[in-house]
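Below, each chain spelled out in residue letters.
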Amino acid sequence: MSCLDRSPAASTMDVWRKADAVCFDVDSTVCIDEGLDELAAHLGAGEAVAAWTTKAMTGNVKFEDALKARLEIIQPSRQDLEDFLGTRESCLSPGIDLLVKKLQDKGVGVFLISGGFRQIIYPVADELGVPHSHVFANNFLFQPESGEFAGFDEQEFTSRSGGKAAAIKHIKQVHGYERLVMMGDGATDLEARQPGGADIFICYGGVVTRENVAKEADWFVDSFHPLIDALHV
């Protein structure tokens, strides 16, 4: 039987139904695209940046190396980013808005943890009703006067490999959560499941399925509907 057809264990379902918080990856999970890739395409460098994104999400290179390589290629200015955001349409994955609402109605904390950038993710958070304080992501830096690209904040949790696990440990400590779920599509999301980090990892393959990640997941889904249905049991 394929790992993609494997039913979740009873213990996994129990954690899902009793979770205090759920942390979602954004690119190719909450959204149907990769925000940095889309910005790169807007600036005419889509293919080169997408190749580095694939390497990072499959775990073939350190995340921080792929991040630096992608930014070296595009080096977006503040104006480039504003122009991109001004033309960007809603990119939510089907059903994510309903799942987030169901979780919030149950009193479950919802967080967005991404290797992407806050400036691109905040509009997504607003659309879902997730407070900006529940967003953990990278941050573009610009020259104060010219607005030219000046790098990124390397102090953010998600600027390096293992950063999502570190962010989750921080969330648990601050909020006192006992059961926390991580959901995403990539190797950096799988990394978040470790002692002190996420209790279970759910691999979402509705946009792209990375089999090396899916086979290690506690639960694989290609739609949010099984997750919604499981909340009602």
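The residue count restarts for each chain, going from 1 along the sequence in the order it is written. Local features in this predicted model are restricted to residues whose pLDDT is 70 or higher, and side-chain atom pairs enter the listing and the counts only when it is 80 or higher, whereas totals over whole chains, interfaces and linings include all residues. Each side-chain value is worked out from all heavy atoms of the structure, with water and hydrogens disregarded.

Novice: Explain the sheet that holds strand β6 (residues 180-184) to me, please; I cannot follow it from the model alone.
Specialist: Within a beta sheet, neighbouring strands are joined by backbone hydrogen bonds and run either parallel or antiparallel to one another. What the six strands build is an open sheet, ordered β3-β2-β1-β6-β7-β8; its pairing is parallel. The strands lining the two open edges of the sheet, one partner per strand, are β3 (135-138) and β8 (219-221). Averaged over all pairs of adjacent strands, the angle between their axes in this sheet comes to 20°, without regard to strand direction. Relative to β6, strand β1 (residues 21-24) is paired through four bridges, and the arrangement is parallel. Pairing of V22 across the sheet is with V181, part of β6. The contact definition used throughout considers only heavy atoms, calling two residues in contact when any of these lie within 4.5 Å. Axis lines are fitted to C-alpha atoms, over the contacting stretch for helices. Their N-to-C directions set the angle, which ranges from 0 to 180 degrees. For helices the rule is a DSSP run of H or I covering at least 4 residues; for strands it is a run of E covering at least 2, with both sets numbered from the N terminus onward. Across the face of the sheet, helix α9 (residues 163-175) comes into contact with β1, β2 (109-117), β3 and β6 while running at roughly 150° to β2. Strands are treated as partners if at least two bridges between them are detected by DSSP.

Novice: How should I be thinking about the nonpolar core in this particular structure?
Specialist: Soluble globular proteins tend to bury their nonpolar side chains together. Side-chain atoms within 4.5 Å link the members of a nonpolar core, which is a set of buried Ala, Val, Leu, Ile, Met, Phe, Trp, Tyr and Cys residues. Relative accessible area decides the class of each residue, using a 1.4 Å probe on protein chains only: under 20% of the type maximum gives buried, over 50% gives exposed, and in between gives partly exposed. Among the nonpolar cores identified, the biggest contains 37 residues, and W16, F24, V30, L99 and M183 are the most heavily contacted of them. Those residues in contact with F24 that lie beyond four places of it in its chain are V30, I96, L99, V100, L103, V110, F111, L112, I113, M182 and M183. Core analysis: the next-biggest nonpolar cluster, separate from the first, contains 21 residues, A21, I168, F201 and F220 among them.

Novice: Before we go on, may I ask you to explain α9 in this structure?
Specialist: What sets the pattern is the α-helix's 3.6 residues per turn: residues three or four places apart point alike. Helix span, expected: 1.5 Å multiplied by one less than the number of residues in the helix. Helix length check: α9, at 13 residues, gives a terminal C-alpha distance of 18 Å against a target of 18 Å (1.5 Å per residue), a fit within 8%. Buried residues in α9 make contact with β1, β2, β3, β6 and α10 (187-190). Looking one or two places after α9, you find G176, whose phi comes out positive at around 75°.

Novice: Help me understand the pattern of salt bridges, please; the structure alone is not making it clear to me.
Specialist: Oppositely charged side chains may form a pair once their charged atoms are brought near each other. By convention in these notes, a salt bridge is any Lys or Arg side-chain nitrogen within 4 Å of a carboxyl oxygen on Asp or Glu. Enumeration according to the criterion identifies 10 salt bridges in this entry. In this structure, the salt-bridge partner of D105 is K101, at a minimum N-O distance of 2.9 Å. With D105 and K101 both in helix α7 (residues 96-105), this residue pair falls four residues apart, about one helical turn. Residue class for K101 comes out partly exposed when judged on its relative accessible area of 47%. Of the charged contacts in the structure, one is a salt bridge between D218 and R193, with a shortest N-O distance of 3.1 Å. Of this pair, D218 sits in the loop between α11 (211-214) and β8 while R193 sits in the loop between α10 and β7 (200-204), placing them 25 residues apart in sequence. In the salt-bridge network here, residues are joined through shared partners; they are D25, K164 and D189.

Novice: In this structure, what is going on with the packing of aromatic side chains? I would like to understand it.
Specialist: Two numbers describe a pair of aromatic rings. These are the distance of the centres and the angle of the planes. Working definition: rings of Phe, Tyr and Trp (its six-membered ring) pair if their centres are within 6.5 Å, and the pair is stacked with planes under 30 degrees apart, edge-to-face with planes over 60 apart, and tilted otherwise. For the structure on display, the rule yields five aromatic pairs. With a centroid separation of 6.0 Å and an interplanar angle of 75°, the aromatic rings of F111 and Y177 are classed as edge-to-face. Of this pair, F111 sits in strand β2 while Y177 is found in the loop between α9 and β6, placing the two residues 66 residues apart along the sequence. By the burial criterion, F111 is buried, and Y177 matches it. Measuring from ring centre to ring centre gives 4.2 Å for Y204 and F224, while their planes differ by 5°; the resulting arrangement is stacked. Taken as a pair, Y204 in strand β7 and F224 in the loop between β8 and α12 (225-231) lie far apart in primary sequence, 20 residues in all. For the pair formed by Y204 and F224, the shared burial category is buried.

Novice: For this particular structure, what's the right way to read the side chain of D33?
Specialist: With respect to the helices and strands, the residue D33 is situated in the loop between α2 (26-30) and α3 (35-42). In terms of polar contacts, D33 uses its side chain to reach the side chain of R88, at 3.2 Å. Ignoring sequence-local partners within four residues, the contact set of D33 consists of D27, S28, E38, R88 and C91. The definition of a polar contact used here is a pair of N or O atoms within 3.5 Å, where within protein one atom must be able to donate a hydrogen and the other to accept one, and adjacent residues in sequence count solely through side-chain atom pairs.

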